[in-house]
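Residue-level structure breakdown
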Amino acid sequence: MIYVFGILLIISFIRQKDQLLKIKKNLILFMVLSLGGIGLGIVHMVSPHIPTIAFVLEKYLK
Amino acid sequence: MNKPLTMRQVIFMYLFLSLSPILRQIPSALANEGGRSGYLSPVWSLIALLPLTAIVIFLIRLYPGLNIYEIMDNLVGKVFAKCIIFLYLLWVILYLASKMNAFALTLQFTLMPKTRSDFFMTIMLVLVYYALLKGSKTIFRFSELALGPVMVLIGILFVCALGILRTDYLLPVSTFNLPSTIKASKNVVAVGGNIIIVLFFADKFAISISKKNMRKFWFGAILFVGLSFVITIFTFGITGPSLAANLPFPFYITVKSISFFNIFERFEVLVTMICILSDFIGISIMFSIMTKCIQWLFGITDRGFLFIPLAIIIFYLTYFVSTTQFEYRFLYKNIILNLNLIFQYIIPFLLGLMCLLKRKHIKKQY
């Protein structure tokens, strides 16, 4: 799935490149969000059974 | 598509968006906390929901043509407004991730138990992306179009179910049960509070809104409570409160035993469809709010380039927030419910209070 998302990000970048390259803020925001998404994807790919927030909270709240 | 939003569209969106929690979470939660008399809880929720509706109407009338960020900007200043919007952004992200999980779990529980959740989530995100590309007005118009048939369907189901309702599951109710039903009403209140979503789109209304249009807000809030009440009575009266308390989707099981004059049956597929449509509206609207929050926070003019990166974040975040039915139930009951109460009631209440205090100054300004 992460490869599909990577390709989608590149397509999105190419389609919106005028808007992204013209305003620096847009480009930074796009890059930060994309890296965040891909980062989460890599973490999920490396360890798919990582404990969820709900699981951790349940463990400590109960 | 450039016409202003109508009150009808906004209220229909609110009702449609609330349908899936009404069908999925409310009966089970009320059975759990309120027991046999839990179906009375929607009535108590009016005590919180009507003042919230009054606050929303008050804010819209006092600040015509302004959205929640602009209202907060006027009331508390830019820095504080951005801080609150940032908190709203975090809430919306968590809400979206859990909603995506709820949607996938519903489909796995009802129709396709062997299909992986990432398939459902991908399909939903593609649909949401397409809807958002067409503009948020498309989502409002879809709600306007689809809510009528859905209400007719629920009405038919109710008529068909009247014959098999068991009064011994619903009665007797005594004053002894009242405290638990009042406490359980927070489950209804937390869903009904979605009416504050209207404030995020308030800049898309026409500047002058008539009293007749404002009355639609009251109608929406009362219809929401009526729907919650009817669906809960349905579920308790057919499935029984003790079984409803332990099922993840008791209304689905309830509808399994309903038939249309012994000719047509298996309406449960239609219930799943209603939930899917409602989740689609909910996720689309929340996605739109998320992009709006980022737009306000960073002062950007266009939101189109945010859709794909945010969709990826929400997709993967769903796996980190909750994955199983048990985890989702725990998260909803302990975290999301309480966060909903803060963001849907406490913050708008404080805004309303500040508006009241600064009313004279505001009236001079507009």
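Keep in mind the model is a prediction, meaning the values are calculated, not measured. (Residues numbered from 1 in each chain as written. Chains lettered and ligands numbered in written order. Predicted model: local features only at pLDDT ≥ 70, side-chain atom pairs only at ≥ 80, totals over all residues.)

A word on the overall build of chain B. The secondary structure content of chain B amounts to 18 helices and zero strands. For 366 residues, the compact-globule formula gives about 21 Å, and the C-alpha radius of gyration of chain B, at 20 Å, lands near that figure. Dimensions of chain B along its principal axes, counting C-alpha atoms only, are 60 × 45 × 35 Å. For chain B, the proportion of its 366 residues judged to be buried stands at 48%. In chain B, once contacts between residues fewer than 6 apart in sequence are set aside, the share between residues at least 24 apart is 86%. (Helix = DSSP H or I, 4+ residues; strand = E, 2+ residues; numbered from the N terminus. Rg over C-alpha atoms; globule rule 2.2 N^0.38 Å. Buried ≥ 20, exposed ≤ 12 C-beta atoms within 10 Å, placed from the backbone. Contact = placed C-beta atoms within 7 Å.)

On to the overall build of chain A. The number of helices and strands found in chain A is four helices and zero strands. In chain A, the succession of α and β elements from N to C terminus is α-α-α-α. Relative to the globule expectation of 11 Å for 62 residues, the C-alpha radius of gyration of chain A, 16 Å, shows a markedly less compact shape. Dimensions of chain A along its principal axes, counting C-alpha atoms only, are 50 × 25 × 10 Å. Relative to its full complement of 62 residues, chain A shows a buried share of 24%.

Next up on the list: the confidence of the model for chain B. Residues and elements named next belong to chain B. Scored by pLDDT, chain B has a mean of 86; 96% of the residues are at 70 or more. Mean pLDDT in chain B bottoms out at helix H18 (residues 359-365), which sits at 64, and peaks at helix H16 (residues 307-321), which reaches 92. Scored as a whole, the predicted complex attains pTM 0.91, and scored at its interfaces, ipTM 0.94. (pLDDT = per-residue confidence, 0-100.)

Taken together, the 25 residues of chain B in the interface contact 27 residues of chain A. Those elements that provide at least two residues to the side of chain B that touches chain A are H16 and helix H17 (325-357) of chain B. Residue contributions to the side of chain B that touches chain A peak at 10 residues, all from H16(B). The class makeup of the residues in the side of chain B that touches chain A is 18 nonpolar, four polar and three charged. (Nonpolar A, V, L, I, M, F, W, Y, C, P; charged D, E, K, R; others polar.)

This part covers the packing of helix H5 (residues 78-110) of chain B against helix H15 (residues 268-298) of chain B. Residue and element names in this part refer to chain B. Two elements in contact, H5 and H15, have axes whose closest approach is 9 Å; the angle formed by their N-to-C orientations is 160 degrees. Put simply, H5 runs roughly antiparallel to H15. Along this stretch, H5 crosses H15, giving a crossing that reads as left-handed. Looking at side-chain class alone, the contact of H5 with H15 contains 20 nonpolar, four polar and four charged residues. (Axes fitted to C-alpha atoms, helices over the stretch in contact; angles between N-to-C directions. Parallel < 35°, antiparallel > 145°, perpendicular 65-115°, else oblique. Left-handed = near helix turned anticlockwise from the far one by under 90°.)

Residues and elements named next belong to chain B. Direction vectors running N to C along helix H1 (residues 7-24) and helix H7 (residues 136-161) enclose 65 degrees, while the axes themselves pass 8 Å from each other. Regarding H1 and H7, the two cross each other, and that crossing is left-handed. Residue-level inspection shows Arg8, Gln9, Val10, Phe12, Met13, Leu15, Phe16 and Leu19 of H1 in contact with H7, the latter providing Ile139, Phe140, Arg141, Ser143, Glu144, Ala146, Leu147 and Val150.

Each α-helix turn comprises 3.6 residues. Residues three or four places apart therefore point the same way. End to end, H16(B) covers 20 Å across 15 residues, agreeing with the expected 21 Å (1.5 Å per residue, within 8%). With 14 of 15 residues buried, H16(B) lies mostly within the body of the structure. (Expected span 1.5 Å × (residues − 1).)

Turning to helix H3 (residues 41-62) of chain B, a few remarks are in order. Residues and elements named next belong to chain B. The end-to-end C-alpha distance of H3, which contains 22 residues, comes to 32 Å, matching closely the 32 Å that a straight helix rising 1.5 Å per residue would cover. Along H3, the largest kink reaches about 35 degrees and is centred on Ile47; proline Pro51 follows within four residues of it. Of the residues making up H3, those classed as buried are Ser41, Pro42, Trp44, Ser45, Ala48, Leu49, Leu52, Thr53, Ile55, Val56, Leu59 and Ile60. (Bend = angle between axes of the 7 residues up to and from the residue.)

Residue and element names in this part refer to chain B. Of all hydrophobic cores here, the largest spans 129 residues; its most connected members are Met13, Val56, Leu96 and Val198. Counting residues per element, this core draws most heavily on H15, at 14 residues. The residues touching Met13, leaving out its near neighbours within four places in the chain, are Ile139, Phe140, Ser143, Ile281 and Ile285. (Core = buried A, V, L, I, M, F, W, Y, C linked by C-beta atoms within 7 Å.)

This part takes up the environment of B:Thr301. Residues and elements named next belong to chain B. One can find Thr301 in the loop between H15 and H16. In this structure Thr301 comes out as exposed when scored by C-beta crowding, with 9 C-beta atoms within 10 Å. Sequence separation between Thr301 and Thr181 is 120 residues; the distance between their C-alpha atoms is 47 Å.

Within the secondary structure layout, B:Gly163 lies in the loop between H7 and helix H8 (167-170). Assessed through the 9 C-beta atoms surrounding it within 10 Å, B:Gly163 is described here as exposed.

All names here are of chain B. Inspection of the secondary structure assignment puts Lys358 in the loop between H17 and H18. Accessibility expressed as a C-beta count within 10 Å gives 14 for Lys358, which makes it partly exposed. Separated by 283 residues in sequence, Lys358 and Leu75 place their C-alpha atoms 8.1 Å apart.

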